[in-house]
Amino acid sequence: ILKIVISLSVSPLALGLYTVNAVYGDTITMPCRLEVPDGLMFGKWKYEMPNGSPVFIAFRSSTKKNVQYDDVPDYKDRLSLSENYTLSIKNARISDEKRFVCMLVTEDDVSEEPTIVKVFKQPSQPEILHQADFLETEKLQMLGECVARDSYPEGNVTWYKNGRVLQPMEEVVVINLQKIVDKSTGLFTMTSSLQYKPTKEDASAKFSCIVTYYGPSGQKTIQSEPVVVDVHYPTEKVTIQVLPQSTIKEGDNITLKCSGNGNPPPQEFLFYVPGETEGIRSSDTYIMTDVRRNATGEYKCSLADKSMMDATTITVHYLDLQLTPSGEVTKQIGEALPVSCTISSSRNATVFWIKDNTRMQTSPSFSSLQYQDAGNYICETTLQEVEGLKKRKTLKLIVEGKPQIKMTKKTNTNKMSKTIICHVEGFPKPAVQWTVTGSGSIINKAKETKYVNGKFSSKIVIAPEENVTLTCIAENQLERTVTSLNVSAISIPEYDEPEDRNDDNSEKVNDQAKLIVGIVVGLLLAALVAGVVYWLYVKKSKTASKHVDKDLGNIEENKKLEENNHKSET
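Residues numbered from 1 in each chain as written. Predicted model: local features only at pLDDT ≥ 70, side-chain atom pairs only at ≥ 80, totals over all residues. Heavy atoms only, no water.

### Regarding the overall build of the protein chain
When its secondary structure is counted, the protein chain shows 3 helices and 43 strands. Within the protein chain, the fraction of its 570 residues that count as buried is 36%. Within the protein chain, counting contacts between residues at least 6 apart in sequence, those at least 24 apart form 60% of the total. Taken as a whole, the protein chain presents about 34800 Å² of accessible surface, with 50% of it coming from carbon and sulfur. (Helix = DSSP H or I, 4+ residues; strand = E, 2+ residues; numbered from the N terminus. Buried < 20%, exposed > 50% of the residue type's maximum accessible area, 1.4 Å probe, protein only. Contact = heavy atoms within 4.5 Å. Areas by Shrake-Rupley, 256 points an atom, 1.4 Å probe, with all protein chains shown as cover.)

### With respect to the state of the cysteines
Tallied over the full model, the rule gives 5 disulfides. Two residues, cysteine 32 and cysteine 102, share a disulfide whose sulfurs are 1.9 Å apart. In this structure the cystine formed by cysteine 32 and cysteine 102 twists about its S-S bond by roughly -90°; its chirality is therefore left-handed. Of this pair, cysteine 32 sits in the loop between strand E2 (28-30) and strand E3 (40-48) while cysteine 102 sits in strand E8 (residues 99-106), and the two are 70 residues apart along the sequence. You'll find cysteine 32 and cysteine 102 in the same group, each marked buried. Here cysteine 258 pairs with cysteine 301 through a disulfide, and the sulfurs are 1.8 Å apart. The sign of the S-S torsion, about 65°, decides the handedness of the disulfide formed by cysteine 258 and cysteine 301: right-handed. One end of the pair, cysteine 258, is in strand E23 (residues 254-260); the other, cysteine 301, is in strand E27 (residues 297-303), and 43 residues separate them in sequence. Ordinal numbering of bonded cysteines along the protein chain defines a disulfide pattern of 1-2, 3-4, 5-6, 7-8, 9-10. (Disulfide = S-S within 2.5 Å.)

### Describing the nonpolar core
In terms of nonpolar packing, the biggest core is built from 49 residues, with Met30, Trp45, Ile57, Leu87 and Phe100 touching the most fellow members. Contact partners of phenylalanine 100, with chain neighbours within four places excluded, come to Met30, Trp45, Lys46, Tyr47, Ile57, Tyr75, Ile89, Glu113, Pro114, Thr115 and Val117. Membership of the second largest hydrophobic core comes to 19 residues, among which are Val242, Leu256, Phe269 and Leu303. (Core = buried A, V, L, I, M, F, W, Y, C linked by side-chain atoms within 4.5 Å.)

### Details of the packing of aromatic side chains
This structure, assessed with the given rule, holds 9 aromatic pairs. Taking the centre distance of 5.0 Å and the plane angle of 45° together, the rings of phenylalanine 42 and phenylalanine 59 count as tilted. Linking phenylalanine 42 in strand E3 with phenylalanine 59 in strand E4 (residues 54-61), this pair joins segments that are 17 residues apart in sequence. We classify phenylalanine 42 as buried; its relative accessible area is 12%. Taking relative accessible area as the criterion, phenylalanine 59 reaches 17% and is therefore assigned buried. Members of the aromatic cluster, joined through ring pairs, are Tyr47, Tyr75 and Phe100. The ring centre of tyrosine 47 lies 4.9 Å from the NZ or CZ of lysine 98, which sits over that ring. The residue whose ring lies beneath arginine 293 is tyrosine 318, and the NZ or CZ to ring-centre distance is 3.9 Å. (Phe/Tyr/Trp six-rings, centres within 6.5 Å; stacked < 30°, edge-to-face > 60°. Lys NZ or Arg CZ within 6 Å of the ring centre and 35° of its normal.)

### Looking at the sheet that holds strand E39 (residues 442-443)
Spatial ordering of the open sheet is given by E39-E38-E42-E43, a layout of 4 strands whose pairing is antiparallel. Every other strand in the sheet has two partners, leaving E39 and strand E43 (480-487) as the edge strands with one partner each. In terms of strand pairing, strand E38 (residues 431-436) meets E39 through 2 bridges, oriented antiparallel. Along E39, the bridge assignment pairs tryptophan 434 with isoleucine 443. (Pairing = 2+ DSSP bridges.)

### Section: the confidence of the model for the protein chain
It should be kept in mind that the predicted coordinates are not to be read in detail where pLDDT is low. For the protein chain, per-residue confidence averages 85 on the pLDDT scale, and 85% of positions sit at 70 or higher. Strand E16 (residues 188-196) holds the highest mean pLDDT among the elements of the protein chain, 97, whereas helix H1 (residues 2-8) holds the lowest, 28. For the stretch residues 500-514, pLDDT sits under 50, and the model shows 4 contacts to residues farther than four places along the chain or on other chains. (pLDDT = per-residue confidence, 0-100.)

### A word on the sheet that holds E3
Note: strands within a sheet are paired through backbone hydrogen bonds, in either parallel or antiparallel orientation. As summarised here, the arrangement of the 6 strands in space is E1-E9-E8-E3-E4-E5, forming an open sheet in which the pairing is mixed. Because the sheet does not close on itself, it has two edges, and the strands there are strand E1 (19-23) and strand E5 (67-69). Strand-to-strand twist of the sheet, defined as the mean angle between neighbouring strand axes without regard to direction, takes the value 25°. Here E3 runs beside E4; their pairing, made up of 7 bridges, is antiparallel. Each bridged residue has a counterpart across the sheet, and for tryptophan 45 the counterpart in E4 is alanine 58. (Axes fitted to C-alpha atoms, helices over the stretch in contact; angles between N-to-C directions.)

Printed below as a string of structure tokens:
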């Protein structure tokens, strides 16, 4: 045994020939990298203290096959030595990072093979703590601390902004790294603080940190979750906005909204409105309801200290319509009625007329009112550029007239009856009654046409056995009109009068008839004069006897003619 101790005091072998990398908490497995010699008596494992002195921890006899573990507190119940002299250490610790030596002993020799144990521990994911609530521009302030715990060996911390490395810069980026070792475990905690002077552009910047550390397989990194720090900066510009942004008309509600581009934004402003000399203190909104045209003008807003002002112009569109006359108007037929529709608006307006739901091509004008002029008139105007701005007024025109009657008669084609028609004009619509003159009896079998433009017809069909006189009575609230017509018996031929033509052609037809009658009468008069002259000439050339005989004959002829004429009249 003394010989062995002396041999163990030999200077240690060079480090680094064989290294076992272990993960903190796992099992360390160290094979004995010596060939088992003949005559092996036993094998031992030891580790070396920092001062070089050995500490034996395990022993295995090759003959008795028994294993003994030395009483070393750090390795109590953690060691296992196999038959091939492989040493296993459970629950790897940082303190296990040593130089271990495998020894195989024969009666004549001691062989040793060192093994270096390296232990690695991945740090926890770094997190940014003590984050600032906000940063102010142009000030160097603490943004936060990046903390990564329980690392071995110690790692390094790097700060990033928007994925780019933050390099230290005097009075702009200041980084301090602190490493603390837990004496009980030997693990490191890294804390890196970041002081930062932000700009306005950093308002939405993402800050993160990355820890670089070493593991059994080499260098690795682990990143923190990014954080966004609120950056405060002063207002540099004020903006006024009008809501809604569409065109504004009378009766609308207007909201003025003032905003500043600072962070946090200003909460109080002064609003300047037309007609007010002083600014009106308000929040970021100022509301006006049911605006009128006099609200047109320039509007301003500024910060509460009257700095930084913005202005806008508001135009309140309006549309006025005056219809003269309007409402319900009653006039007499033939009267004149001037009508005017006057427009006043903020822009050029479109005006059109509607009569009885039909759009008119021109504006109404009445120099001589007719029944067809009666109806419901609407003057309507709109501003095309302003949605919903429309005005209209109505005129209900009533054209009144006393009843006017014209009677006509005609013999029907079957020669068995006659149609008598009473053409009536007037408004309100006259009530028509037929009577037989003399007897006074009322005829109730009349048929009426449709009442259009103040006109209609009432007709009866009769077959008189003798001459009769028919009376048509038309009456409305204005007057009662009576007209009679003689009708011959059905057996006596008579002139059939045509029915009324259309109103548009009646005057032309009457004028043509008058012209024809005038021509015919003129021709008859000329023929009569020529006949008289010829008769006087013949009379002088004949003898007195012949004159006497002819006169007697003429007397008898005249008597016959008178009798025939009398019958004809009857």
